[in-house]
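# Architecture and fold: a report
The residues making up each chain are set out below.
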Amino acid sequence: MRNPFKTSLQRGDKLIGLWLSLAAPYSTEVCATAGFHWVLIDNEHAPNDVRSTLAQLQAVAPYPSHPVVRVVNADPALIKQMLDIGVQTLLVPMVDTPAEAAAVVAATRYPPQGIRGVGAAVARASRWGARRDYLETANEDTCLLVQVESVTALSNLEDLCRVDGVDGVFIGPADLAASMGHRGRANHPDVQQAIESAINTIVASGKAAGTLTGDIALARRYLQLGASFVAVGIDITLLAQATRKLASEFGFGTDGVMSAAGASAY
């Protein structure tokens, strides 16, 4: 039951992932069959909660893709619930300072290393007590990824990377662009320069660097720079693009209304 994602990061493997925002176990299972190294179940910007996250963990379980869960925020109570339902790898958004990162580390660890409440006997994480070594191994097996997505976080990046217990740093391009004054333009040269510089800093610190992009060429660029875990698409975006492309073949616009030219084809 060791964390294969954490082990791979420690080896320096390149891990390609897919972002999941549809918040449905059926579509999550479909995506899990594609063979990505990891899939991200998003709670921050998708309509997920503890129960829907649990259902998706169960849907992914038979497949090799490792489930990473992004929580809504750094609330220790919510982090505890996610760990108890079996999440091994957490992505925590909006971490700006080393102190905030250290607090998140504490929330993911049992005492004396942290403050996580002990309820393993009734938790899926321990297979409801069947994993008798769970309390001894859980701290080590938990993989914590913190999300850097502001100018403040970038200014603290070297110190943030020094926080013991942080396994990887994920650069959030959309919020970073907004923080830099380029909202909605993550491809702006200044934003891309900041991302590349951040990847270099993270890698130099010995921590794993990650990010998200739907641009295949850009994803390869990040991997070449040393990023270890890169998400290369989002399920809901792929669905929207594919369905709109199909609709356009029959004369529908992006507003769902058929054009006069499209109607005349029938």
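Now for a description of the structure that goes with this document.

Conventions and cut-offs
Residues numbered from 1 in each chain as written. Predicted model: local features only at pLDDT ≥ 70, side-chain atom pairs only at ≥ 80, totals over all residues. Heavy atoms only, no water. Helix = DSSP H or I, 4+ residues; strand = E, 2+ residues; numbered from the N terminus. Rg over C-alpha atoms; globule rule 2.2 N^0.38 Å. Buried < 20%, exposed > 50% of the residue type's maximum accessible area, 1.4 Å probe, protein only. Contact = heavy atoms within 4.5 Å. Areas by Shrake-Rupley, 256 points an atom, 1.4 Å probe, with all protein chains shown as cover. Lys, Arg positive; Asp, Glu negative; His and termini not counted. Charge placed at Lys NZ, Arg CZ, Asp CG, Glu CD. Arc of directions from axis to C-beta. Phe/Tyr/Trp six-rings, centres within 6.5 Å; stacked < 30°, edge-to-face > 60°. Salt bridge = Lys/Arg side-chain N within 4 Å of Asp/Glu carboxyl O. Core = buried A, V, L, I, M, F, W, Y, C linked by side-chain atoms within 4.5 Å. Patch = residues over 30% accessible without salt bridge, like charges linked within 9 Å, V, L, I, M, F, W, Y side chains within 5 Å. Pairing = 2+ DSSP bridges. Axes fitted to C-alpha atoms, helices over the stretch in contact; angles between N-to-C directions. Left-handed = near helix turned anticlockwise from the far one by under 90°. Nonpolar A, V, L, I, M, F, W, Y, C, P; charged D, E, K, R; others polar.

### Observations concerning the overall build of the protein
Secondary structure summary: the protein contains 13 helices and eight strands in total. Its C-alpha atoms give the protein a radius of gyration of 20 Å, within 12% of the compact-globule value 18 Å for 266 residues. Projected onto the principal axes, the alpha-carbon positions of the protein cover approximately 70 × 40 × 30 Å. The burial tally for the protein puts 48% of its 266 residues in the buried class. Within the protein, contacts between residues separated by at least 24 positions form 62% of all contacts whose residues are at least 6 apart in sequence. Accessible surface computed for the protein: about 12,800 Å², of which carbon and sulfur atoms make up 57%. One way to put it: in the protein the 21 positive side-chain charges average out to a point 5 Å from where the 25 negative ones average out.

### Focus: helix α2 (residues 25-32)
Along α2, the positions that sit buried rather than exposed are Ser27, Thr28, Cys31 and Ala32. One side of α2 carries all its buried residues, which in axial view fall inside an arc of 145°. Residues of α2 that are exposed and point more than 90 degrees away from the buried face comprise Tyr26 and Val30. Where the residues of α2 are buried, they touch β1 (15-20), α3 (50-60) and α12 (235-248).

### Side note on the environment of Cys31
Tracing the chain through its elements places Cys31 in helix α2. The class of Cys31 is buried, set by a relative accessible area of 14%. Each C-alpha atom of the pair Cys31 and Pro111 lies 36 Å from the other, and the pair is 80 residues apart in sequence. Aside from chain neighbours lying at most four places away, what touches Cys31 is Leu18, Leu20, Phe36 and Asp235.

### Description of the packing of aromatic side chains
Under the criterion given, the structure shown has six aromatic pairs. Consider the rings of Tyr110 and Tyr134, whose centres lie 6.4 Å apart with planes at 85°: the pair is edge-to-face. Separated by 24 residues along the polypeptide, Tyr110 in the loop between α5 (98-107) and α6 (134-141) and Tyr134 in helix α6 bring together distant segments of the chain. Here Tyr134 falls in the buried class, since its relative accessible area comes to 9%. Within the aromatic cluster, the residues linked to one another by ring pairs are Phe5, Trp19, Trp38, Phe170 and Phe229.

### Quick notes on the pattern of salt bridges
Summed over the entire model, instances satisfying the criterion amount to eleven salt bridges. The salt bridge partner of Asp133 is Arg131, with a shortest N-O separation of 3.9 Å.

### A few points about α5
Turning to α5, its buried residues are Ala101, Val104, Val105, Ala106 and Ala107. The elements touched by buried residues of α5 are α4 (76-84), β4 (89-92), β5 (143-148) and α8 (157-161).

### Some points on the nonpolar core
Counting residues in each nonpolar core, the largest one holds 49 residues, and the members touching the most others are Met82, Val166 and Val169. Per-element accounting of this core gives the leading share, six residues, to helix α10 (residues 189-205). Contact partners of Val166, with chain neighbours within four places excluded, come to Ala101, Val105, Leu144, Val146 and Lys207.

### Topic: a nonpolar patch on the surface
A surface patch of nonpolar side chains, about 290 Å² in accessible area, is lined by Leu246, Phe250 and Phe252. By the element assignment, Phe250 lies in the loop between α12 and α13 (260-264). According to the relative accessible area criterion, Phe250 is partly exposed, its value standing at 46%.

### Quick look at the sheet that holds strand β7 (residues 208-212)
In spatial order, the strands read β1-β2-β3-β4-β5-β6-β7-β8; together these eight strands close into a barrel with parallel pairing. Here the strands of the sheet are splayed against their neighbours by 25° on average, with no regard to which way each runs. Relative to strand β8 (residues 229-234), β1 runs parallel, the two being bridged by four bridges. Paired with Gly17 across the bridge in β8 is Ala231. Against the sheet, helix α1 (residues 4-11) touches β1, β2 (38-42), β3 (66-70), β4, β5, β7 and β8, its axis set at about 70° to β5.

### What to know about the packing of α10 against helix α11 (residues 216-225)
Where α10 contacts α11, the axes come no closer than 9 Å and their chain directions differ by 30°. Seen along the crossing, α10 lies across α11 with a hand that is right-handed. Of α11, the residues touching α10 (which contributes Gln192, Ile195, Glu196, Ile199 and Asn200) are Leu218, Arg221, Tyr222 and Leu225. Among the residues making up the contact of α10 with α11, the classes are represented as five nonpolar, two polar and two charged.

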